[in-house]
Amino acid sequence: MALPAQISVSFDFTSGATFGYPFTIGDAKYGKLGTGTLASTTTPEPTVDLTPDVRSISIKRGRNIMRDTYEAGTCTVRVLDPNSYFNPQNTASPYYGYLTPLRKLRVSATTGGVGYWLFSGYTTDYKYYYPQNQETGYVDIVCSDAFRLMQQAGIVGVTDATAGQDTGTRIGKILDQVSFPTSMRTIDTGNTTCIADPGTSRTSLDAIKNAEFSEQGAFYINTAGTAVFINRTNVIKKYGETPIEFNQTGGIPYRDLTFAFDDKLIINSSTMTRYGGTAQTAQDLTSIAKYFPHQLNQSNLVLQTDGDALNVAKIYVATRAETTIRIDAMTVDLLDPTVPTATMLGLDYFSNLKITNVQPDGSTIVKTLQAQGLDWNITPNSMKVTVTTLEPIVEGFIIGSNVSGIISQSIMAY
């Protein structure tokens, strides 16, 4: 059966372990002047279309619900290798000398004449397989997104990271420090201000995560490889957008719904401490009496004032003090003709999903959640995505919302 979208896998051998993707004629994003980076002029590194030999693609991106943070997206592409081109010792291979870690790989899907990125990242491993009694070997190309490079890039001081900067500007300065291209950033102005950079030794990713948490915003790498920072106000507003409906009668069909009802996401006591500040604690006594204490502490935040630290503690507890039945994940089969391919390819973090499920006893569970993870599994004969869902990661009052706009019930953000 033909796939509902045309899949493409490109492998760029541009020299140097650098961020960015090369200038590509015809590319909607990186085919414009001032966007893609110029490749080397001294060595004609190939950009290879691996698509004809790809036998499977596995992509995993998402938020770790227990650690409450976005993690590096990963991708594994299995490629047939009948000519041993991916053997790094094969001097007859057109890729000889180019098969090194941290080359650039991208996966896209096109439907209705519109292209969607599914993954953009960097190779971390080549796993070779030459099965006995099998004529054709294959290689699994394992990749990670830019979080991997940021985690490897240690920093001490951050240039121009002065006191009073908003968190978005601070993240931009950290990205400057590791030469992350400005053309590959979508950075909101933060709602919270920072102290001067403390000048401690840490990774650039840790420094960014500190600013992200201090804002109570969201920082991640999207499918195009762009670094995205969404401030607290816009994270809250995302939950007010019109949801996509998934159900068994009329909406987008799904399977393998994963339910959970437990206490693992409850936080009802929180202590936040900024660099040089005094610990600030917020508690929800009703939740503590109902569920026992569930504590979270964070220290050395780059917040400018103790008042900001207290606000973080308060909104963190207010968002997580209560629990209810959860839908943690669902799987959608894009070979089902009733599934809108473009809608599924367009999903990303913070897409609102209204999921309706009729239980065996006839009762109905309806949850409006946000996509916070996308795991794609694609072969020549199948195309499925498992969507990880969560309640909003930070809540606030949304005018006009019948969920977050209820006076005296909905959380008031700061």
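Presented here is a report on the structure given in the accompanying data block. (Residues numbered from 1 in each chain as written. Predicted model: local features only at pLDDT ≥ 70, side-chain atom pairs only at ≥ 80, totals over all residues. Heavy atoms only, no water.)

**A look at the packing of aromatic side chains**
The following threshold applies: What counts as a ring pair is set by centres within 6.5 Å for rings of Phe, Tyr and Trp (its six-membered ring), and what kind of pair is set by the plane angle: stacked under 30 degrees, edge-to-face over 60, tilted for all other angles. The helix and strand labels rest on DSSP assignments: H or I over at least four residues marks a helix, E over at least two residues marks a strand, and numbering proceeds from the N terminus. We call a residue buried when its accessible area falls under 20% of the maximum for its residue type, exposed when it is over 50%, and partly exposed in between, using a 1.4 Å probe and counting protein chains only. Geometrically, a charge over a ring is one whose NZ (Lys) or CZ (Arg) sits within 6 Å of the ring centre while staying within 35 degrees of the ring normal.
Under the definition given, this model contains 10 aromatic pairs. With a centroid separation of 5.6 Å and an interplanar angle of 45°, the aromatic rings of Phe213 and Tyr316 are classed as tilted. Here the residue Phe213 occupies a position in helix H3 (residues 204-215), and Tyr316 occupies one in helix H6 (residues 306-320), the gap between them amounting to 103 residues. Accessibility expressed as a relative area gives 16% for Phe213, which makes it buried. With relative accessibility at 4%, the residue Tyr316 sits in the buried group. For the pair Tyr220 and Tyr349, a centre-to-centre distance of 4.8 Å together with 75° between the ring planes defines the contact as edge-to-face. Residue Tyr220 is found in strand E11 (residues 218-221), and its partner Tyr349 is found in the loop between helix H7 (341-345) and strand E19 (352-358); the two are separated by 129 residues along the sequence. A residue is classified by how much of its surface remains accessible, and Tyr220, at 7% relative accessible area, is buried. Following the ring pairs from residue to residue traces out a cluster consisting of Tyr70, Tyr220, Tyr349 and Phe350. A cation over an aromatic ring shows up here: Arg63 above the ring of Tyr70, its NZ or CZ 4.7 Å from the ring centre. Looking at Arg78, its charged tip hangs above the ring of Tyr129, at a distance of 5.7 Å from the centre.

**Section: helix H2 (residues 167-177)**
To keep things clear, this is the line we draw: Note on contacts: a residue pair qualifies if any of its non-hydrogen atoms lie within 4.5 Å across the two residues.
Taken together, the buried positions of H2 are Thr167, Gly168, Arg170, Ile171, Gly172, Ile174 and Leu175. Of the surrounding elements, those touching the buried residues of H2 are helix H1 (147-152), strand E8 (154-155), strand E9 (185-187), H3, E11 and strand E12 (227-230). Where H2 ends, the next residue or the one after it, Ser179, has phi of about 60°, a positive value.

**Concerning empty space enclosed by the protein**
Here is the rule we go by: A 1.4 Å probe that fits but cannot get out identifies a cavity on a 1 Å grid over protein atoms alone, an open set with protein on both sides within 12 Å along at least five of seven lines counts as a pocket, and a residue lines either if it has an atom within 4 Å of a point. Grid points are joined across faces, edges and corners, and a volume is the space filled by probe spheres set on the points. For this classification, Asp, Glu, Lys and Arg are treated as charged, while Ala, Val, Leu, Ile, Met, Phe, Trp, Tyr, Cys and Pro are nonpolar and the rest, including Gly, are polar.
Taken as a whole, this structure holds 1 cavity of 30 Å³ or more when the rule is applied. In this model, the largest cavity occupies a volume close to 30 Å³. Residue lining of the largest cavity: Arg326, Ile327, Asp328, Leu369, Thr389, Leu390 and Glu391, and that is the complete set. Those elements that provide at least two residues to the lining of the largest cavity are strand E18 (326-333) and strand E21 (382-390). Ranked by residue count, the leading element in the lining of the largest cavity is E18, at 3 residues. For the lining of the largest cavity, the residue count by class is 3 nonpolar, 1 polar and 3 charged.

**Digging into the sheet that holds E9**
The test is simple: Should DSSP find at least two bridges between two strands, the strands are taken to pair. Where helices are involved, their axes are fitted lines through C-alpha atoms of the stretch in contact, as for all axes, and angles between N-to-C directions lie from 0 to 180°.
The mixed open sheet is built from 3 strands, whose spatial order is E9-E12-E11. Whereas interior strands pair on both sides, the edge strands pair on one side only; in this sheet they are E9 and E11. Averaged over all adjacent pairs, the angle separating strand axes in this sheet is 10°, with direction ignored. As paired elements, E11 and E12 share 4 bridges and run antiparallel to each other. From the neighbouring strand, Phe219 faces E12, where its bridge partner is Phe229. Strands E9, E11 and E12 of the sheet are contacted by H2, whose axis makes an angle of about 155° with E9.

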